[in-house]
Amino acid sequence: MRVLGIESTAHTASVGVVDETAAVLANVTDMYRPARGGIHPREAANHHVELFPDLVANALRTARVGPDAIDAIAFSQGPGLGPCLRAGATVARTLSLEWERPLVPVNHCIAHIEIARALSGLGDPLLLYASGGNTQIVAYGHGRYRVLGETLDIGVGNFLDKLWIELGGSFPGGPALEADARQGTTLHPLPYSVHGMDVAFSGLLTAAIQLHRQGVPRPDVALSVETTAYSMLTEVTERALAHRGHGSVVLGGGVACNERLRTMVRTMAEGRGATMFAPPRSLCVDNGAMIAWTGLLAVRHGRTIPVEESVVLPRQRTDQVEVPWRN
Ligand code: AMP
Ligand code: MG
């Protein structure tokens with residue numbers, strides 16, 4: 001069985017093809033980069049609409065298959081930016097009708113955990129999902145993935161992006177801030193905002209901008225910010241591991257590309273006798289392959305929908321979706 005997956009929750013338009021062994025046959029991606037400021041949902045959606053025809057053709061070429069070899073079309077149903085989600089869903093519906101293949105809705109957050117599970121071979125890991133719009137600690141329980149903790153305001157990636165733009169850079173901020181932080185030498189105290197299993201970043205954002213205005217060099221701001229934000233994420237991940245007794249943690253989301261975060265979570269996990277796995281970077285960021293893979297799991301359980309019912313759900317929560325393949 002082969003499934004084609006369409007991802008378009010935010011800045012990234014991506015098309016993936018996977019087979020039932022979770023082999024990634026194609027994963028072609030194009031990211032919308034605003035000339036200035038953050039993501040404008042309409043502009044991002046226009047980018048996706050323009051790019052998708054080529055991305056689909058390219059994915060089939062890369063996978064060395066024709067439409068005949070595709071058994072189902074999966075798409076990101078939510079959560080995400082409405083206009084962006086609709087762009088991807090429209091492409092998925094069109095392919096489903098044209099190729100006469102079933103349509104499978106996929107929750108984007110669940111896709112991050114499923115691709116990490118497939119690649120790592122870990123049966124029941126905890127997920128630290130750290131991306132632009134989302135920051136959650138997720139674990140499976142009673143038929144669904146449960147959110148054990150999350151950000152109370154903005155996602156950690158949005159926080160890094162906003163900060164970087166304030167400091168004079170352009171989107172995306174995370175990778176640039178990571179490079180800058182490597183040159184940092186002095187750690188400055190910043191607000192550390194952990195509330196039980198939840199985290200918050202807006203106070204940290206304000207304080208980091210202040211720090212820079214006071215004349216602290218950008219690399220030192222970057223170093224201090226990464227240290228503080230990733231310590232917060234590592235702390236809540238450790239608390240979840242301690243209480244739930246999971247033997248493993250996997251990372252997902254664009255911020256999981258960060259070497260410092262990977263090292264901190266790995267060190268913490270190994271200190272507790274647990275393992276840590278992070279997918280390759282192309283499968284940590286938003287990507288069509290993870291949507292295709294989760295679609296494949298869902299279609300095996302008959303989770304297809306008619307085109308008329310395939311509305312996008314910008315605010316869909318991780319725990320609203322049943323995951324029968326985990327039973
Ligand atoms: P996603 O929404 O999962 O595609 O992730 C996008 C987010 O990941 C953006 O906010 C980026 O700034 C962030 N990001 C990407 N690479 C890195 C990195 N190396 N370190 C920190 N953040 C990153
Ligand atoms: Mg994501």
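No experiment lies behind these values; they were computed from the predicted model shown.

1. Focus on the site of ligand 1
- Around ligand 1, the structure places 19 residues, and the nearest of them are Asp-161, Gly-174, Glu-178, Gly-254 and Asn-258.
- Within the backbone of Gly-132, an N or O atom sits 3.2 Å from an oxygen atom of ligand 1.
- Within the side chain of Asp-161, a nitrogen or oxygen atom sits 2.7 Å from an oxygen atom of ligand 1.
- Relative to its unbound accessible area of 510 Å², ligand 1 is 93% covered by the protein chains.
- Judged by its atoms lying within 2 Å of the grid points, ligand 1 is housed in the second largest pocket.
- Secondary-structure elements contributing two or more residues to the shell around ligand 1 are α4 (156-166) and α5 (173-181).
- It is α5 that contributes the most residues to the shell around ligand 1, four residues altogether.
- Split into classes, the residues belonging to the shell around ligand 1 amount to seven nonpolar, nine polar and three charged.
- Counting only domains with at least three residues in the shell around ligand 1, you end up with domain 1 (2-112 + 283-326) and domain 2 (124-280).

2. Description of the sheet that holds strand β8 (residues 144-150)
- As summarised here, the arrangement of the five strands in space is β8-β7-β6-β11-β12, forming an open sheet in which the pairing is mixed. With one partner strand each, in any of the chains shown, β8 and β12 (275-277) form the two edges of the open sheet. Shown here is a sheet whose adjacent strand axes are inclined to one another by a mean of 25°, direction ignored.
- One ladder, built from six bridges, connects strand β7 (residues 135-141) with β8; its direction is antiparallel. Across the sheet, Ala-139 pairs through a bridge with Arg-146, a residue of β8.

3. Considerations on the sheet that holds strand β3 (residues 24-31)
- Across the sheet, which stays open at both edges, the five strands sit in the order β3-β2-β1-β4-β5 with mixed pairing between neighbours. The open sheet has two edge strands, β3 and β5 (103-107), and neither has a second partner. Strand-to-strand twist of the sheet, defined as the mean angle between neighbouring strand axes without regard to direction, takes the value 20°.
- As judged from the four bridges shared by strand β1 (residues 2-7) and strand β4 (residues 72-78), these two strands associate in the parallel manner. Note that in β4 the partner of Val-3 across the bridge is Ala-72.

4. Description of unusual backbone geometry
- For the bond running from Gly-78 to Pro-79, omega is -10°, close enough to zero to count as cis.
- With respect to the helices and strands, the residue Pro-79 is situated in the loop between β4 and α2 (82-99).
- A cis geometry characterises the amide bond from Phe-171 onward to Pro-172, with omega recorded as -5°.
- Position of Pro-172 among the secondary structure elements: in the loop between α4 and α5.
- The backbone of Arg-64 shows a phi angle near 55°, a positive value even though the residue is not glycine.

5. A look at the coordination of the magnesium ion (ligand 2)
- Coordination sphere of the magnesium ion (ligand 2), protein contribution only: His-108 (NE2), His-112 (NE2), Tyr-129 (OH) and Asp-286 (OD), at 2.1 to 2.7 Å.
- Written as a sequence motif, the donor arrangement for the magnesium ion (ligand 2) is H-x3-H-x16-Y-x156-D. Of the two residues, His-108 is situated in helix α3 (residues 108-120) and Tyr-129 in strand β6 (residues 126-130); the sequence distance between them amounts to 21 residues.
- On the basis of relative accessibility, which here comes to 0%, the residue Tyr-129 falls in the buried class.

What counts and how
Residues numbered from 1 in each chain as written. Chains lettered and ligands numbered in written order. Predicted model: local features only at pLDDT ≥ 70, side-chain atom pairs only at ≥ 80, totals over all residues. Heavy atoms only, no water. Near = heavy atom within 4 Å. Polar contact = N/O pair within 3.5 Å; in protein donor to acceptor, adjacent residues only side chain to side chain. Areas by Shrake-Rupley, 256 points an atom, 1.4 Å probe, with all protein chains shown as cover. 1 Å grid on protein atoms, 1.4 Å probe; cavity = no way out; pocket = protein on both sides within 12 Å on 5 of 7 lines; lining within 4 Å. Sits in = over half its atoms within 2 Å of the grid points. Helix = DSSP H or I, 4+ residues; strand = E, 2+ residues; numbered from the N terminus. Nonpolar A, V, L, I, M, F, W, Y, C, P; charged D, E, K, R; others polar. Domains from an automatic or database assignment. Pairing = 2+ DSSP bridges. Axes fitted to C-alpha atoms, helices over the stretch in contact; angles between N-to-C directions. Donors = N, O, S within 2.8 Å, 3.2 Å for Na, K, Ca; no water. Buried < 20%, exposed > 50% of the residue type's maximum accessible area, 1.4 Å probe, protein only.

By themselves, these are just geometric observations and shouldn't be taken as functional.
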